[in-house]
Amino acid sequence: MKICVTSSGATLESPFDNRFGRAPYFIIYNSDDKSFSAIDNSVNIKASQGAGIQAAQLIVDSGAKILLTSNLGPKAGELIYASGIKVYQVEVESVKEAIDLYLKKELKELKESNVEGHA
Amino acid sequence: MKIAIASGKGGTGKTFVSSNLARSYKQRIALLDCDVEEPNNKLFLKGEIVEQRRHAVLVPKLKSDLCDGCRVCQQVCEFNSIIVMGGKAMVFEDLCHSCGACTLMCPQKALYEVDHEIGNIIVRKSKNVELVEGLLDVGKALAVPLIREVKSYIDHFKDIPIIIDSPPGTSCPMVWTIENSDYVVLVAESTAFGFHDFKIALNTVKDVDLPYGVVINKHGLGDNRVEKYCIENNIPILARIPFSKEVATSYSKGDLLVEVDPSYQKIFEQLWEELRNRVSSGAKDEK
């Protein structure tokens, strides 16, 4: 199972980033073999608009089924939920902590987008 | 003569200056209300509606059976408005800037353009003033296409002066509004917040390379930092409109101050005199 975490850096020790569309990296952690990879989201950080939906595209393409983040806007939310990805809300220091909490089933599922659009 | 009225901070008095400046002119004049998220000149000028119509922009629509998910449309979209999910393109109309690149470039010819309504254009006649406003639909994000449509009326009013009331801020809607005007009036208030935004607006107007001058509204409120800054930097102060409870009361009732208080008619007539002189002299020194 692939788990996506919004991150400030490219490793599991990197600080967690509570933004979705404008997080610098997405860490894709594979819970089956404990491997991970990092998706560079720098293009969308600089985007004047549409960062959320383009970030959603990257995550759907990565094959992740779980998304761990803090805030999800309406347009990105529409795509993430339509793709069958489950979202869990988290406020932690590092990417690793987010994954640990998810694996211990200590996170609350976010059933719909929780912040307003910011076009 | 096209005079744009702008400010950085909202609530400094753009609409107050625009509506009173228009009425004080006495002869026929046009006022283009480009603050399409909140076109409020009508509250003061009132008048009857002589024209009203919907305005639409073109956005792409997908013929799903033709789309093979190649992502060319997504790659050419400068505005991140298209994604591809489940092997088919998906268009986010509210992000689209109507450039047409995706429709042009689609190898499968799976995209075509359709009208996407964004708001109303309303023309009113109020005594000497021809008032044109754009009114953006609630929830629509793109003000600029509607502002452009309001500004297209400049051609209708070639023979009379035109006042163009700008939206607040200094982003695209404000820049599009003031562009190609002959002179920009920056309305400022001398408070900490007002001064901060005034300087940002000033730099924007300098970047657009237009001549400008300042109207200090609510003069007497706060301190004198705007006035001091203007004097130190040789920025012309075109008028000072006193801060008073009477003005606020009259404004809150939807009155035009120049119609109820002759001393304000005089202030705005003097402002016209300043503007006429500066526009006719080219106002090059204020760029």
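Residues numbered from 1 in each chain as written. Chains lettered and ligands numbered in written order. Predicted model: local features only at pLDDT ≥ 70, side-chain atom pairs only at ≥ 80, totals over all residues. Heavy atoms only, no water.

Now for the interface of chain B and chain A. In this assembly, 14 residues from chain B lie in contact with 14 residues from chain A. For the pair chain B and chain A, the interface holds one salt bridge. Taking the shortest distance from any N to any O, the salt bridge between D61 of chain A and R71 of chain B comes out at 2.8 Å. At the junction of chain B with chain A, the criterion picks out ten residue pairs in polar contact (both at pLDDT 80 or more). Tallying contributions element by element places strand β4 (residues 82-85) of chain B first for the side of chain B that touches chain A, with four residues. Within the side of chain B that touches chain A, the residues separate by chemical class into nine nonpolar, four polar and one charged. (Contact = heavy atoms within 4.5 Å. Salt bridge = Lys/Arg side-chain N within 4 Å of Asp/Glu carboxyl O. Polar contact = N/O pair within 3.5 Å; in protein donor to acceptor, adjacent residues only side chain to side chain. Helix = DSSP H or I, 4+ residues; strand = E, 2+ residues; numbered from the N terminus. Nonpolar A, V, L, I, M, F, W, Y, C, P; charged D, E, K, R; others polar.)

Once that is clear, we can look at the sheet that holds strand β4 (residues 66-69) of chain A. Residue and element names in this part refer to chain A. Taken in spatial order, the six strands make up an open sheet running β3-β2-β1-β4-β5-β6, and their pairing is mixed. The open sheet has two free edges, formed respectively by β3 (35-40) and β6 (108-110), since each of these has just one partner strand. Within the sheet, the average angular offset between the axes of one strand and its neighbour, ignoring direction, is 30°. (Pairing = 2+ DSSP bridges. Axes fitted to C-alpha atoms, helices over the stretch in contact; angles between N-to-C directions.)

A few words on the sheet that holds strand β3 (residues 48-62) of chain B. All names here are of chain B. Spatially, nine strands are ordered β3-β6-β7-β2-β8-β1-β9-β10-β11 in an open sheet, and the strand pairing comes out mixed. If you trace the sheet from one side to the other, it starts and ends with β3 and β11 (237-242), each paired once. For this sheet the average axis-to-axis angle between neighbouring strands, irrespective of direction, equals 20°. As judged from the four bridges shared by strand β1 (residues 2-6) and strand β9 (residues 183-188), these two strands associate in the parallel manner.

Residues and elements named next belong to chain B. Direction of pairing for β4 relative to strand β5 (residues 88-91): antiparallel, over a ladder of four bridges. If you follow I82 over to β5, its bridge partner there is V91. In this structure, the hairpin formed by β4 and β5 is closed by a connection of two residues, where G86 is found at a positive phi of approximately 60°.

Residue and element names in this part refer to chain B. Burial analysis of strand β7 (residues 129-136) places seven of its eight residues in the buried class, the great majority of the element. In the sheet, strand β2 (residues 29-33) pairs with β7 via five bridges, with the strands oriented parallel. Counted as the bridge partner of D33 is E133 from β7. Bridge analysis of strand β6 (residues 111-126) against β7 gives eight bridges, and the strand direction is antiparallel. (Buried < 20%, exposed > 50% of the residue type's maximum accessible area, 1.4 Å probe, protein only.)

Let us now look at the environment of G119 of chain B. All names here are of chain B. Mapped onto the elements of the fold, G119 is located in strand β6. Using a relative accessible area of 0% as the deciding quantity, one classes G119 as buried. Through-space distance from the C-alpha of G119 to that of P39 is 12 Å; in sequence the pair is 80 residues apart. Not counting residues within four places of it along the chain, the set of residues in contact with G119 comprises R53, R54, H55, L135, L136, D137 and L146.

It is worth spelling out the pattern of salt bridges at this point. Two side chains that carry opposite charge are able to pair once their charged atoms sit near each other. Residue and element names in this part refer to chain B. Applying the stated rule across the entire model yields 21 salt bridges over all chains. The partner of E117 in a salt bridge is R54, and the shortest N-O contact between them spans 2.8 Å. In this pair, E117 is assigned in strand β6 and R54 in strand β3, connecting sequence segments 63 residues apart. According to the relative accessible area criterion, E117 is partly exposed, its value standing at 41%. The partner of E274 in a salt bridge is R278, with the nearest N and O atoms 3.0 Å apart. Of the two residues, E274 and R278 are both situated in helix α11 (residues 262-280); the distance of four residues between them amounts to about one turn of the helix. Owing to a relative accessible area of 19%, R278 belongs among the buried residues under this scheme. Connected through salt bridges with shared partners, the residues K9, E189 and K218 form a single ionic network.

This next bit is on the domain arrangement of chain B. All names here are of chain B. In terms of domains, chain B is made up of domain 1 (2-55 + 119-281) and domain 2 (57-117). With nine residues of domain 1 at the interface, the matching set in domain 2 holds six residues. At the boundary of domain 1 and domain 2, one finds one salt bridge. There are one residue pair in polar contact (both at pLDDT 80 or more) connecting domain 1 and domain 2. Class assignment for the residues of the side of domain 1 that touches domain 2 results in three nonpolar, three polar and three charged. (Domains from an automatic or database assignment.)

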